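# Architecture and fold: a report
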Amino acid sequence: MLRKMPRYIFICRASRSMLYQASVVAVILSLLALNAWQFKRNRSISDNDLKYRAILMMGGAQTQDLDTLETIFEYDRDLKRIRDLRLQVQDYECRVKLRAQKLEQMRCLGEEIEGL
């Protein structure tokens, strides 16, 4: 007794909906990949900004300082040290801003005194 092989019918309407679903899935996957890439790039840009601000805070950098920064951020990423460095830089920038405001006030007072 021979078994009859099932026949598969290709329906054009069903293939369009399947193609539509596959394209939606492909778009979603590509958007997820793009999102991950953008997140990584933004983190890199943020890290470079913090490194630059830390170098300004130090008043320049030697080779050893650059190696330390690269180790903290790239080779052996240490989130605690990055957070501490960010707080130090923000504190330094706040102090610089306050000093600039006080110097501006002193300059304005000096101009008033000269005017009298």
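I will try to describe carefully the structure that is included in this document. Keep in mind it's a predicted model, so treat the numbers as computed, not measured.

## Concerning the nonpolar core
Side chains of nonpolar character tend, in soluble globular proteins, to be buried together. Leu50, Ala54, Leu69, Ile72, Phe73, Ile82, Leu85 and Val89 together form the largest nonpolar core, which totals 8 residues. Those elements that place two or more of their residues in this core are α1 (12–58), α2 (63–75) and α3 (79–115). The residues touching Ala54, leaving out its near neighbours within four places in the chain, are Leu85 and Val89.

## Describing the side chain of Lys51
Mapped onto the fold, Lys51 is located in helix α1. Relative accessible area serves as the criterion here: at 8%, Lys51 is assigned to the buried category. Setting aside anything within four residues of it in sequence, one finds Lys51 in contact with Leu69, Glu70, Phe73 and Glu74.

## Description of a nonpolar patch on the surface
On the surface, Tyr20, Val24, Val25, Ile28, Leu29 and Leu32 cluster together into a nonpolar patch covering about 600 Å² of accessible area. Tracing the sequence through the fold places Leu29 in helix α1. In this structure Leu29 comes out as exposed when scored by relative accessible area, which is 54%.

## Section: the pattern of salt bridges
As enumerated under the stated definition, the model contains 9 salt bridges in all. Among the ionic pairs, Asp49 bridges to Arg53, the shortest N-O distance being 3.2 Å. Residue Asp49 and its partner Arg53 are both found in helix α1; the two are separated by 4 residues, about one turn of the helix. Across the pair Lys51 and Glu74 runs a salt bridge, and its minimum N-O distance is 3.9 Å. Highlighted residues: Lys51 in helix α1 and Glu74 in helix α2, separated in sequence by 23 residues. Relative accessible area serves as the criterion here: at 44%, Glu74 is assigned to the partly exposed category. When salt bridges with common partners are traced through the structure, they connect Asp49, Arg53 and Glu93 into a single cluster.

## Topic: α3
With 37 residues, α3 extends 54 Å from end C-alpha to end C-alpha; this agrees with the ideal 54 Å at 1.5 Å per step. Residues Ile82, Leu85 and Val89 constitute the buried set of α3.

## Things to note about the environment of Ala54
Mapped onto the fold, Ala54 is located in helix α1. On the basis of relative accessible area, Ala54 is assigned to the buried category, the value being 0%.

Scoring rules and cut-offs
Residues numbered from 1 in each chain as written. Predicted model: local features only at pLDDT ≥ 70, side-chain atom pairs only at ≥ 80, totals over all residues. Heavy atoms only, no water. Core = buried A, V, L, I, M, F, W, Y, C linked by side-chain atoms within 4.5 Å. Buried < 20%, exposed > 50% of the residue type's maximum accessible area, 1.4 Å probe, protein only. Helix = DSSP H or I, 4+ residues; strand = E, 2+ residues; numbered from the N terminus. Contact = heavy atoms within 4.5 Å. Patch = residues over 30% accessible without salt bridge, like charges linked within 9 Å, V, L, I, M, F, W, Y side chains within 5 Å. Areas by Shrake-Rupley, 256 points an atom, 1.4 Å probe, with all protein chains shown as cover. Salt bridge = Lys/Arg side-chain N within 4 Å of Asp/Glu carboxyl O. Expected span 1.5 Å × (residues − 1).

The analysis is restricted to geometry; functional conclusions fall outside its scope.
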